[in-house]
Each structure stands twice: as C-alpha cells, then as structure tokens.
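Observations on the model geometry
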Amino acid sequence: MESSFDYLRAHAAELGSRILETYPPLQNFKDPVAPALTALLRRALPAQALAITGTAKYLRTAKAARIVAECGAGKTLMALGTIHVLTEGRPSATLVMCPSHITHKWAREVLLTIPRTRTFLIEDMRNGGDPSRQHGICEVKLSKGRTVYEGKRLALSDMRRMGRKEWRKRFPGPTFFITGKDKGKLGYFWEHVYLKAKSGPNLGGVVNPDSGVAILDSEMQKLTALDFTDKLKVSEALTAPRGGTTRFSALWQADRTRIQRMAPIEYIGRYMRGWFDFAIADELHQLAGDTAQGNGLGVLGRAAQRLIALTGTLMGGYADDLFNIFYRMEPHAMVREGFAYGGQGRRDFQEQYGVLETIEKVEEADNACSRATKKTVRVLRKPGASPMLFGKFLMTTTAFLSLEDISDNLPRYDESVISVDMDDVLQQAYEQLEEDIRSAMKAHRGNKSLMSILLNTLLLYPDHPYDFDEIWARAFDPQTKEYVKFLVTEPENLTREALYAKERALIADVKEELRQGRRCQVYATYTGEKDVTLRLEAVLRQEGIRVAILRSSVATDKREDWYDRQLKAGVQVVICHPKLVETGLDLLAFPTLYFYETGYSLHTLRQASRRSWRIGQRLPVRVKFVTYSGTMQEICLRLMGKKMLVALMMEGKFSGEGLQALDTDEDLMSAMARELVEKAGVGESADAVWRDLGHERDKVLPRPAAVEPEPEEESDLVPDLPGLIAAERAPAPFGIHLLDPSSPPKKRKKTALWPTATETNVQLSLFD
C-alpha cells in the first residue's frame, strides 16, 4: 500500500461496517419503505424509494433537506414522492421554483405522479400585458401527453386574501404552483425621486420628498441633480428631531410609464410568509450566487414550512460555493457555527472548510532619511474542501444518489480526449501569437483584463484563425495615474478556405458515429462575433451531413419542441453552446457528445455531458473532448478535469486523485495564465487527467460491457469539399480514422430506422 487511499480501498468493507455502527442511517436499505408510495401514479425504483423515505423521515423534524442526484436519476420524482409521503392525504400547497424552460415539464411530471393534484403556473404579476399571452396564475392540465392551459385563473393577491384556511376548503387535494426562477425575479422598472427646492437655503437644489431638506452624501456634501443620472438607487436614513425614531427613506419609486408589475417571488416573500406547506428549489447550484435568483432560495425558505432543494452538481470545486446555500437553507446552523452573513463570513467559511493561500510581497523603499519595507498581503482561495464540511453540513441533511444506484442496466458511459496535432501553418501562427502574449503578460503581471482577453484569444484562435484585428490592452501608468493602451500583437490571419486538422478529426469521428447509427451533439462556446458554430455547420454540411444549430434566440420553453422538429426533419448533428442545454433537456437521441470547446464552468460541463446518459438510454454514451495538443485548449481541459475531481470528492464519487488539484491556482483563468508564463505542467496531458477520472470511476463502479449496434452500410458522405482546400494534414491522432477520399463509394442500402430510444414515454414506462 503506497497511500492512505490504498488503505481505505483495501479495508473499505470493515471501515464501512464500523461507520454504520457508529452513525446508523435514518433509513437503511433493509428498512421498509413508506407505504404511501404505492399510491403514486408512477412506481419509484428501489433506490428512489429509499431516498424518498429517508428524506421524508428527516423532514418530519427538520426545516430543509437536499437531494443531490445525477442528471436523469429522478430528482423530480423523489421530491414529489417525499411531499406525497409527508402529506398523508391531507390538503397541501407546494411552491416550485425551477428554470423557466422546464416549468411545463415540471407540471407534466406533477400531473403524471401525484394523484388528484391540481397544478398551476405562475406566469407573472402585472397590470395589462399582451392579451395573446398567459398572465397571472393559470391552471394547466394534461391533453395527449402535453400540458395545456385550462381551468382556474387567479392572482397571488387573491391567494393572499383567501389565506391558507380558505384555500384548503376550496381545494381539498394537493396543489402545486410552479414558477420559473427567471420570471419570478422580474419586477417593476424604477426611477429616481427627488424635489427641487423653490425657496429657502436650498433654492434650486435637490431635497428629500420625505423631509424637505437637502440630500447629503457620506461626506456631508449636498447632492445635485447630476448625482441622480446613474442607475444606482439612492436612499437616506432619516432621524426625527429630539431623539426620535430613525426610518429608511427610499429616493426611488416605480416608473409608471413602463411595465406595471411586481416580482412574484418578492411578493410571496413579503406577504405570504408560511403560506405554503412545501417548497422545491430545482437546480440548486444556480442559486448559490449573490443574485436575485439566489435570493429567491431564501424566499422559498420563508414562504414554506418545509424546503427541498435539488441539484445534480452541488459544488464547483471551492468550499465557499456552498456558503450562501447553507445560509439560505439552514441559517440557524450557520449562526451557531459562528459565521456572519456577508463577505467576512464567507471568507471565514473558506478559511475553515476550504483552502486559502496567503501571498506576501515585500519591497524595500527609500524614505527621505531612512529605509523602509513595504509589505502587501494577498489572500487567494484555492480549490478543495475539508471532509469536516461534509460531516457538519451535508451528511445529515442531504441524500446522494447516482445513476448506478437507480438502474443496473444503464449503458456504458465513456469520456475520452481526442488530441490533434496542428497543421504546420497554423502551428507557426499560433506559436508566434502565444509568444507575443506571453511577453505581454510577463511585462504586465496581475493585469486581470489583459489576462482574460489574451487567454480567450489563445483558446479561440486555433478554431477560428482568421478575421482577427490588432489586439490592444490597457495598463495603469503609475506616473500619469491613468490607464494607457498598448499594442499586444496582431494575429496572422490564415485562409478560411482551408480545412484544418481539428475539423478533419471531428468530421472523421462524426462520420464513424453516424455509420453506427448514432446521432451526435457538438458543443462550442464561442458563438459571438467569431462564431465557431457557423464554421462547424459549414464544414459538416459540406460533407453531406445534416446539421442544425440551436441558438439562444429559441425560447427556453420551446427548445424541447425544437429538438423534436429537428429529429423529424432527419437532422444527424446538432451544434450549440452547452449552456443552452445545461438543464431540463433529455438528449436520448444523441448518444455521442462532442466538446469542441469547453469553457470554464464545471457546472455547465458536468450537466451538459450527462444530457444523454440517463434512464431510457439504450446505447452506450460517448463523451469526447476534441482539443489541439500543446495549446491553451489542452491546458484548460486538463485543469477542468482536475477541478472536477475535487468537486466529485464532496459527493463521495472518487478518492485521493482529487487532491492533486489542491496545488493549482485560485481559478481556471489564473491557472492558465501561470502555465502560459511559467510553462508549468509540461508533459501532463489533458488525456492523462481525464483517464484518471475514468480509472477512479472504474475502481468504485465497474463499467458494464459495451454492446455496440450493428453498423449500417452507407456511402461515404461526400468526401470532397467544394470551396474548401484541405490544409497540410498532420498525422492522424490515435483513435481517429480519417476517411480516404480515393476509396470507392459503397452501394447505399435503404435507410434503416435509427436506434435512438425516443419512443413515446420511454422514460415514464420504466416506472409502470
């Protein structure tokens, strides 16, 4: 045994038995499950029933609980089942907050799971509005497998006037209210409010409408009308004379010339405290920030007597990712541990349960008649989390589930890296660009804006080596005390008519997948002015492949229908930004997923990579990361893999390998900058790190044997590209078979049905 992790693996059974004796679980797999589960319209699988019963037992005495389960493991069913067990047939009202594009999906799941339920969508809270759209609170029902607006219409103000007692008389069964977290935060537009004095000592100046006196800033200077041009809310604390009370005075009001509405979540938080029996917060990881959506999680905790939060990716590698979540769900526990809400409390939390790095920089300076040292201290957060965090805040409050717990018959899941050597022309241009950027970053260390612009350029340039202008950056000049612009580099613009090595590798691999009857989903993150998705669409379409691009212009609640239309139209490959399909969509028809570019978000990468591997999938799922070797793309992918190991440790998925990431920088951007300037990490490829992920997964859960479908005989899809000149080809990377354009075409057979596992209600049938 070479490490403590080898020891833990060798004695896992004995240690597990000792832990269970010391900390007996609330619900053991041998304990009977809740009898009420038999009344559900869908049958819960054994692992789901175990999680439901355990969560229900915990919530009988606790305020909030979390369910952390992989995409497709049935988080919705488990949350609904928990509520069904707790209500025991009594009337109940549940508030659900989820991403806006899956509100109808949530409504459909509720109607297909809970008997005798009535479901409502909270669309908005406003006066007027487009009469062709739904407004207020609208009841939805099922019609031919889809949700339609039908039944009761009301407003939140009506529910407030009724009260809980009257509502239960009118609706004696379970009721669910579903709101999108994006719509739920939208309130009124506001405008500044002040008066101009027409007499007295403040003549012509601005005065507070509540007091009639001049408005002062923190330095006791009078404000003028020019101070109200910025879109920043101004307020005062007014104290009555002779030691009177102090009250808040807002110097803004609703803009009556624009939309007259109130944010539904804000209204519920203000006027309907404790009105709901239960609340469900879906995609919990998206509610961890200091944002209006994040504050909505706290509102759910106040508005309901019990709160259930759901997520597939609990943390992104840093301990303080969970600070706001804990404070909004278990504020008493956080206060008991001595953490104050806000920036200082978050730093204390990171210091106690995470990893902080303190950097001291000492400089000698000459004073007029002495020498002195100037010391600057910088504290950086680093990835990693203490096991104490799990023991104190997660072990007793959170149910963890993986897809392997749910079903023994899941297909094989593989992640691999396709590393491609650049063409000679592109490599020379890239190396010159990298050298210019490295020199600029050495000369301006610590310049965050420079770091962001230049590293994004290095990530994008190999995939889009044309249409670049001069790259300028700004730096602070200590002599003039101003920011000055300086030229960093002018990238060489290559021809857009060439077919580059990474594109050739992608085309060849996609063709092989299509030959096996496997549709493909391709992710690319650069979709702005230099749009990589348009480039990929062009090169794939030139090869005779039927391609479609999912844009952000497709409304979030219409994307499921959009995919259905593309499948009916015979599309073989869909290209999009991974954030567009991050939550709520089941891509069972696309068993092969390509990350042509990854971006920086671990949450997005983890969610998007599991869109296809879920209950109902019948084909092996392959996730492939396509990258140029020896470039910033490979560095980014390698660091993403390391930080994913840290994030998965907190969910109990892997063991010691995740500790490797504790020696990296405070964020991906800084880590890539360090590698660029110092050439650190040379010799360790992204493929090696992602292989480690696979090895760790195999140690915990052996992979099922892969069952490959019979390949179809098809002609090679138009190997010659009219209008595109093949660039000088690099040697084919391992695992990639580039098609030979000179090979004779095969006789095409009649197209067979694609094994896409998209039969109607295939997921729901598993619970019959």
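Residues numbered from 1 in each chain as written. Predicted model: local features only at pLDDT ≥ 70, side-chain atom pairs only at ≥ 80, totals over all residues. Heavy atoms only, no water.

1. Some words on the overall build of the protein
Convention followed: Put simply, DSSP H or I for four residues or longer makes a helix, DSSP E for two residues or longer makes a strand, and each gets a number counted from the N terminus. For this analysis, residues touch if any pair of their heavy atoms sits within 4.5 Å. Every accessible area reported is derived by Shrake-Rupley at a probe size of 1.4 Å, with residue values counting cover from the shown protein chains alone.
In terms of regular secondary structure, the protein is built from 24 helices and 27 strands. At a minimum sequence separation of 6, the contacts of the protein that also span at least 24 residues come to 74%. Total accessible area on the protein is roughly 37300 Å²; 52% of this is exposed by carbon and sulfur atoms.

2. Quick look at the sheet that holds strand S25 (residues 592–595)
By way of backbone hydrogen bonds, the strands of a sheet pair with one another, either parallel or antiparallel. For clarity, the cut-off: Between any two strands, at least two bridges found by DSSP are needed for them to pair. Every axis corresponds to a line fitted to the C-alpha atoms, with the helix fit spanning only the stretch in contact, and the corresponding angles, defined between N-to-C directions, vary from 0 to 180 degrees.
Reading across the sheet, the six strands line up as S18-S26-S25-S22-S24-S23 and stay open at both edges, with parallel pairing between neighbours. The sheet is open, and its two edges are formed by strand S18 (413–420) and strand S23 (547–549), each paired on a single side. Pairwise comparison of adjacent strand axes, ignoring direction, gives a mean angle of 20° for this sheet. Relative to strand S24 (residues 573–576), strand S22 (residues 520–523) runs parallel, the two being bridged by four bridges. Bridged to cysteine 520 within S24 is valine 573. Against the sheet, helix H17 (residues 501–515) contacts S18, S22, S24, S25 and strand S26 (621–628), and its axis sits at roughly 165° relative to S26.

3. Overview of the side chain of arginine 622
As a reminder, the rule being used: Think of a polar contact as two N or O atoms within 3.5 Å of one another; within protein, one of them needs to be a possible hydrogen donor and the other a possible acceptor, and neighboring residues in sequence only count if both atoms come from side chains.
Turning to its location among the elements, arginine 622 is positioned in strand S26. Within polar-contact distance, the side chain of arginine 622 engages the side chain of glutamine 516 at 3.3 Å.

4. With respect to unusual backbone geometry
Heads up, the rule is: Exposure is judged per residue with a 1.4 Å probe applied to protein chains only, and the accessible area is read against the type maximum: over 50% gives exposed, under 20% gives buried, and values in between give partly exposed.
Backbone geometry places glutamate 88, a non-glycine residue, at a positive phi of 55°. Mapped onto the fold, glutamate 88 is located in the loop between helix H4 (75–87) and strand S2 (92–98). Under the relative-accessibility criterion, glutamate 88 is labelled exposed at 52%.

5. Thoughts on the pattern of salt bridges
Applied cut-off: What makes a salt bridge here is a side-chain nitrogen of Lys or Arg within 4 Å of a carboxyl oxygen of Asp or Glu, nothing more.
For the structure shown, the criterion picks out 37 salt bridges. Notably, a salt bridge pairs aspartate 561 with arginine 146, separated by 3.1 Å at the nearest N-O pair. You can see aspartate 561 sitting in helix H19 (residues 559–568) and its partner arginine 146 sitting in strand S5 (residues 146–154), a full 415 residues away along the chain. Aspartate 277 serves as the salt-bridge partner of arginine 164, at 3.1 Å between the closest nitrogen and oxygen. Of the two residues, arginine 164 sits in helix H6 (residues 156–170) while aspartate 277 sits in strand S13 (residues 276–281), which places them 113 residues apart along the sequence.

6. Focus on a nonpolar patch on the surface
Defined as follows: What goes into a patch is any residue over 30% in relative accessible area without a salt bridge, connected to like charges within 9 Å or, for nonpolar side chains (Val, Leu, Ile, Met, Phe, Trp, Tyr), within 5 Å.
Nonpolar side chains collect at one region of the surface, where Tyr7, Leu15, Ile19, Tyr23 and Met395 lie side by side and expose about 500 Å² of accessible area between them. Structurally, methionine 395 is set in the loop between helix H13 (387–394) and strand S17 (398–401). Judged by relative accessible area, which is 41%, methionine 395 ranks as partly exposed.

7. Looking at the pairing of S5
Sheet analysis places strand S4 (residues 137–143) next to S5, joined by six bridges and oriented antiparallel. From the neighbouring strand, serine 143 faces S5, where its bridge partner is arginine 146. In this antiparallel pair of consecutive strands, S4 and S5, the connection spans two residues, and lysine 144 shows a positive phi of 55°.

8. Things to note about the packing of aromatic side chains
Threshold: Each aromatic pair joins two rings of Phe, Tyr and Trp (for Trp, the six-membered one) with centres within 6.5 Å, and gets the label stacked for planes under 30 degrees apart, edge-to-face for over 60, and tilted for any other angle. Working rule: Lys NZ or Arg CZ, within 6 Å of ring centre, within 35 degrees of ring normal, means a charge sits over the ring.
Applying the stated criterion across every chain, the model contains 30 aromatic pairs. Geometrically, the ring pair formed by phenylalanine 339 and tyrosine 353 is tilted, given 6.1 Å between the ring centres and 55° between the ring planes. Of the two residues, phenylalanine 339 sits in the loop between helix H11 (331–336) and helix H12 (343–353) while tyrosine 353 sits in helix H12, which places them 14 residues apart along the sequence. Of the residues examined, tyrosine 353 reaches a relative accessible area of 1% and is grouped as buried. Three or more aromatic residues joined by ring pairs form one cluster here, namely Phe323, Phe326, Tyr327, Phe339, Tyr341, Phe349, Tyr353 and Phe393. A cation over an aromatic ring shows up here: arginine 258 above the ring of phenylalanine 189, its NZ or CZ 3.8 Å from the ring centre. Above the ring of phenylalanine 468, the side-chain terminus of lysine 530 is found at 4.8 Å from the ring centroid.

9. Here we look at a negative patch on the surface
For the record, the criterion: Only four residue types enter the tally: Lys and Arg on the positive side, Asp and Glu on the negative side, with His and both chain ends excluded. Positions of charges follow a simple convention, taking NZ of Lys, CZ of Arg, CG of Asp or CD of Glu.
Taken together, Asp469, Glu470, Glu490 and Glu529 make up a surface patch of like negative charges. Relative to the assigned elements, glutamate 490 resides in the loop between strand S20 (482–489) and strand S21 (498–499).

10. Considerations on the sheet that holds strand S6 (residues 174–180)
One open sheet accounts for nine strands, arranged S5-S4-S3-S6-S2-S13-S14-S1-S17; its pairing is mixed. Every interior strand has two partners, whereas the edge strands, S5 and S17, have only one. Within the sheet, the average angular offset between the axes of one strand and its neighbour, ignoring direction, is 25°. As judged from the four bridges shared by S2 and S13, these two strands associate in the parallel manner. Bridge assignment links leucine 95 to a residue of S13, and that residue is alanine 279.

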